[in-house]
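Commentary on secondary and tertiary structure
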Amino acid sequence: MNDKTLLIMAELEDNNLKPVTFDLVAAALKMTGGATRSILMAVTGTSPDAAASEAASRTGIDVLAVTVTASITSDIRKQAAAFVAGEFAPSYILCPHSAEGTDYAPALAVRLNAACISAVSGVVIDVDGNLLFSRSICGGQFNALIKPATSPAVIMIQPGAFQVQAYEGTAGAVETTTFEAGPGALRMNGVEKSRETSSELDKAKVIVSAGRGIGEPGNLDAIRRFAALFPGSAVGGSRPLIDMGWLEYRHQVGITGATVSPSVYIACGISGSTQHIAGMNGSGYVIAINSDPNAAIFNYSDLCIVDDIMGFIEAFEDFIKNGEG
Amino acid sequence: MNILVLIKQVPQTEAATDISPSGDFIERSTVTLYKMNRFDEYALEEALRIKESHSGVHVDVMTLGPDRAKEVIRRAYGMGADNGFHILAADNEYLDPSAVAELLAREAAKGSYDLIFCGVMSEDMMQSQTGQMTAENLGLPCVSSAVSVSVDEGAKSLRVKRELEGGVRHDITVSMPCLLTIQAGINTPRYPSLSKVLRAADKEVLTVDGQGASPRQVCSAIRHPEKQRAGVVVEGGRTEKVRELYRVLRQKNILG
Ligand SMILES: Cc1cc2nc3c(=O)[nH]c(=O)nc-3n(C[C@H](O)[C@H](O)[C@H](O)COP(=O)(O)OP(=O)(O)OC[C@H]3O[C@@H](n4cnc5c(N)ncnc54)[C@H](O)[C@@H]3O)c2cc1C
Ligand SMILES: Nc1ncnc2c1ncn2[C@@H]1O[C@H](COP(=O)(O)O)[C@@H](O)[C@H]1O
């Protein structure tokens, strides 16, 4: 296993593989043009062997199961990743841009004197054959193509951004190693599994979601009236509305809220940041109403309406009231 | 106890931002208005609350950016920050986060801070990593995405809840000194008070030159993102837009 140039750091929960691990594999295959030979996956956990063999058979990639002899926190994860990177000297280290990944990967990069490119959603090969990493900036209005100037470089992959392919070939090889972790600076006291969620958003055929573009909390009444025009609908919201106390948490759509997939999703005054898109991109048909013609949400919409949201809703209500159509 | 909050100046909206003529970065229009990064307001508010509920706490702020970035320090003074530091950097140029974190750490190391707070993410560059890298440069433990913080001064430690996907939370104890990145919703940031703004009117902002950090990445090009869906733009005035939405919803059979 010493011809490995690309190291994938799998993500586990309770020693089981998390789906984002396969997103990393998809990104890695994009980087190598489909070849698995030069890729190594490190599966780090207190008891990682079962997850390691599962990963090897589901991807064909060679896997190193790293047993850590301490309860795992982000500082231990950082130490373990630096240990594996030290053994193999890869050119690229792929970590997830997840809550866990963002907690350790940037520090890992500093430790290795490596560039760190976060929230990567695409890989592009330039005319000279260099790999460029595409990431969303400015609320999703632009993509920046970033070139690392170091080897290794830590690349943090945006969950859901790469097309995961099913694999049917032979399994990769599995090796095992143990990492004696040094003392950690963090102590884990416990996990609060989930907060109050709602079946309302799950069941809804239509979700009308409000964002900061509605301007003030009083305007939620108009959003609710708008939603009430559609039987089987529910009201959702972007995170800032929940943060500001305008809506309860159970209405929040996005990576730290609910993942929804109604037939129709209507985004009202929502900019379309990656964290919101992650929660609604599985919707059947997406309509966005936003006053900024360059808003990122329009890149994820089937129907784009550039208008002031409150004025538009009022006009739509009038149109219905007056029995037109 | 000394707390440092890293605050960044970002545009109020990106509506006037475009790709620079050379194509290798963005360029903001001269009419662009700026503000404090929203997540950093939460970080500063959290620090100010600790100051108000414990005795002998100082809250300093630091920003790296062009000359105009000093405005966020003025705003922080208005909210109640004690001292402000400004690291001067170029405008309309891609800043490598490793270099930014190196410079922030270099200046932060000159103070003796028990706590450093950052925002969970900058609204313009959306990296979610500058704080974590700054911590590592300073050799400090770090907890990202904090949604609740309580200080145990006696034990010199913090009890922190950090937020993960789907609202799951981890309850963590971390010893001080340390760095936290603060997630939105942890508090309600205050507005600057007029009396504090007036008192801070002639308060100094210490500026140092941001040089000597080595970039580890470059921005090669900026592109407009590709459309992921049909992206049909409804043309015409409001009446036409209303009619078109009505037609589409009718066709999808979702109107009552
Ligand atoms: C770790 C992490 C997790 C996160 N999790 C989530 C999550 O689960 N869900 C989530 O939503 N966000 C989440 N966020 C926040 C996310 O990054 C964005 O800040 C948020 O989604 C922005 O919400 P918004 O679109 O409502 O507000 P903004 O980005 O402020 O956008 C407002 C939009 O309204 C438009 N507008 C303004 N005025 C009008 C008008 N009169 N008429 C029509 N349109 C108008 C503007 O053009 C703009 O596009 C998370 C962030 C982090 C760092
Ligand atoms: N130029 C800067 N000046 C001060 N703080 C910054 C700067 N850039 C980033 N930060 C801090 O790092 C956090 C995360 O930024 P980012 O890594 O760009 O998403 C911000 O919320 C700030 O607290």
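Here the structure is a predicted model, which is why all the values come from computation and not from measurement.

A few words on the side chain of Gln-129 of chain B. Structurally, the position occupied by Gln-129 of chain B is in the loop between β8 (115–119) and α4 (130–138). Residue Gln-129 of chain B is classed as buried on the basis of its relative accessible area of 2%. In contact with Gln-129 of chain B, not counting residues within four places along its chain, are Pro-106, Cys-116, Ile-117 and Ser-118 of chain A together with Pro-97 of chain B.

In spatial order, the strands read β11(A)-β5(A)-β4(A)-β1(A)-β6(A)-β10(A)-β7(A)-β8(A)-β9(A)-β14(B); together these ten strands make up an open sheet with mixed pairing. At either margin of the open sheet sits one strand with a lone partner, and together these are β11 (174–179) of chain A together with β14 (217–223) of chain B. The sheet shows a mean angle of 35° between the axes of neighbouring strands, taken without regard to direction. One ladder, built from five bridges, connects strand β8 (residues 131–137) of chain A with strand β9 (residues 142–148) of chain A; its direction is antiparallel. Its bridge partner lying in β9 of chain A, Ser-136 of chain A is registered against Asn-143 of chain A.

The next subject is the site of ligand 1. With respect to spatial proximity, 28 residues lie near ligand 1, and among them Arg-212, Ser-238, Thr-256, Ser-271 and Asp-308 of chain A are the closest. What surrounds ligand 1 is not a single chain but chains A and B. In this structure, Ile-255 of chain A approaches ligand 1 through a main-chain N or O atom, which is 3.1 Å from an oxygen atom. Within the backbone of Gly-269 of chain A, a nitrogen or oxygen atom sits 3.1 Å from an oxygen atom of ligand 1. Contributions of two or more residues to the shell around ligand 1 are made by α7 (239–243) and α8 (274–280) of chain A. Of the residues in the shell around ligand 1, the class split is seven nonpolar, 15 polar and six charged.

Scanning the entire structure with this criterion turns up zero disulfides over all chains. We note that Cys-268 of chain A lacks a disulfide partner, and the nearest cysteine sulfur, in Cys-304 of chain A, lies 14 Å from it.

All right, on to the environment of Arg-229 of chain B then. Relative to the elements of secondary structure, Arg-229 of chain B occurs in the loop between β14 and β15 (232–233). Judged by relative accessible area, Arg-229 of chain B falls into the buried class, the value being 16%. Discounting residues that sit within four places of it in the chain, Arg-229 of chain B has contacts with Asn-281, Gly-282, Ser-283, Gly-284, Tyr-285, Val-286, Asn-299, Tyr-300, Ser-301 and Asp-302 of chain A. Looking at Arg-229 of chain B, its side chain comes within polar contact range of the main-chain oxygen of Tyr-300 of chain A, at 3.3 Å.

Residues and elements named next belong to chain A. The end-to-end C-alpha separation of helix α1 (residues 20–32) is 19 Å, in line with the 18 Å expected for 13 residues at 1.5 Å each. In terms of burial, α1 is largely enclosed, as ten of its 13 residues are buried. Those residues of α1 that sit buried are Val-20, Thr-21, Phe-22, Asp-23, Leu-24, Val-25, Ala-26, Ala-27, Ala-28 and Met-31. Note on α1: the residue one or two positions beyond its end, Gly-33, has a positive phi of about 70°.

Another point: the site of ligand 2. All names here are of chain B. Around ligand 2 sit 17 residues, and of these Leu-6, Asp-40, Ser-122, Ser-128 and Thr-130 come closest. The separation between an oxygen atom of ligand 2 and a polar main-chain atom of Gly-119 is 2.9 Å. At 2.9 Å from an oxygen atom of ligand 2 is found a side-chain nitrogen or oxygen belonging to Gln-127. Coverage of ligand 2 by the protein amounts to 99% of the 480 Å² it exposes when considered alone. For the shell around ligand 2, the element with the most residues is strand β6 (residues 58–65), which contributes three residues. Broken down by class, the residue content of the shell around ligand 2 amounts to six nonpolar, nine polar and two charged.

All names here are of chain A. Split by domain assignment, chain A resolves into domain 1 (6–179) and domain 2 (199–321). Taken over C-alpha atoms, the centre of domain 1 sits 34 Å from the centre of domain 2. Contacts between the two partners involve five residues from domain 1, matched on the other side by eight residues from domain 2. Between domain 1 and domain 2, a total of about 440 Å² is buried, with carbon and sulfur atoms accounting for 51% of that surface. For domain 1, the biggest contributors to the area lost against domain 2 are Gly-139, Gln-141 and Gln-158; these three give 68% of the whole. Put simply, domain 1 and domain 2 have zero salt bridges between them. In this structure, the connection of domain 1 to domain 2 is made through zero residue pairs in polar contact (both at pLDDT 80 or more).

Whenever strands of a sheet pair, they do so through backbone hydrogen bonds, lying parallel or antiparallel. Here we have ten strands laid out as an open sheet, ordered β12(A)-β11(B)-β10(B)-β9(B)-β12(B)-β8(B)-β1(B)-β6(B)-β7(B)-β13(B), and mixed in their pairing. For this open sheet the edge positions go to β12 (186–192) of chain A together with β13 (206–209) of chain B, each flanked by a neighbour on one side alone. Sheet twist, expressed as the average angle between the axes of neighbouring strands with direction ignored, equals 30°. Pairing analysis gives seven bridges linking strand β10 (residues 157–163) of chain B to strand β11 (residues 169–175) of chain B, with the strands arranged antiparallel. Counted as the bridge partner of Ser-157 of chain B is Ser-175 of chain B from β11 of chain B. Running over the sheet, helix α4 (residues 99–111) of chain A touches β9 (142–152) and β10 of chain B and is turned about 85° from β9 of chain B. Seen against the sheet, helix α1 (residues 38–53) of chain B touches β1 (2–6), β6, β8, β9 and β12 (178–182) of chain B and runs at an angle of roughly 150° to β8 of chain B.

Moving on: the interface of chain B and chain A. Each partner contributes residues to the interface: chain B has 81 residues there, and chain A has 92 residues. Buried area between chain B and chain A, both sides added, is near 7300 Å², and the carbon and sulfur share of it is 55%. Broken down residue by residue, the surface that chain B buries against chain A is led by Met-126, Arg-216 and Arg-229 of chain B, which jointly contribute 11%. For the interface between chain B and chain A, the tally reads seven salt bridges. Remark: the boundary between chain B and chain A carries 43 residue pairs in polar contact (both at pLDDT 80 or more). Among the residues making up the side of chain B that touches chain A, the classes are represented as 35 nonpolar, 22 polar and 24 charged.

Scoring rules and cut-offs
- Residues numbered from 1 in each chain as written.
- Chains lettered and ligands numbered in written order.
- Predicted model: local features only at pLDDT ≥ 70, side-chain atom pairs only at ≥ 80, totals over all residues.
- Heavy atoms only, no water.
- Helix = DSSP H or I, 4+ residues; strand = E, 2+ residues; numbered from the N terminus.
- Buried < 20%, exposed > 50% of the residue type's maximum accessible area, 1.4 Å probe, protein only.
- Contact = heavy atoms within 4.5 Å.
- Pairing = 2+ DSSP bridges.
- Axes fitted to C-alpha atoms, helices over the stretch in contact; angles between N-to-C directions.
- Near = heavy atom within 4 Å.
- Polar contact = N/O pair within 3.5 Å; in protein donor to acceptor, adjacent residues only side chain to side chain.
- Nonpolar A, V, L, I, M, F, W, Y, C, P; charged D, E, K, R; others polar.
- Disulfide = S-S within 2.5 Å.
- Expected span 1.5 Å × (residues − 1).
- Areas by Shrake-Rupley, 256 points an atom, 1.4 Å probe, with all protein chains shown as cover.
- Domains from an automatic or database assignment.
- Buried area = accessible area lost by both parts, 1.4 Å probe.
- Salt bridge = Lys/Arg side-chain N within 4 Å of Asp/Glu carboxyl O.

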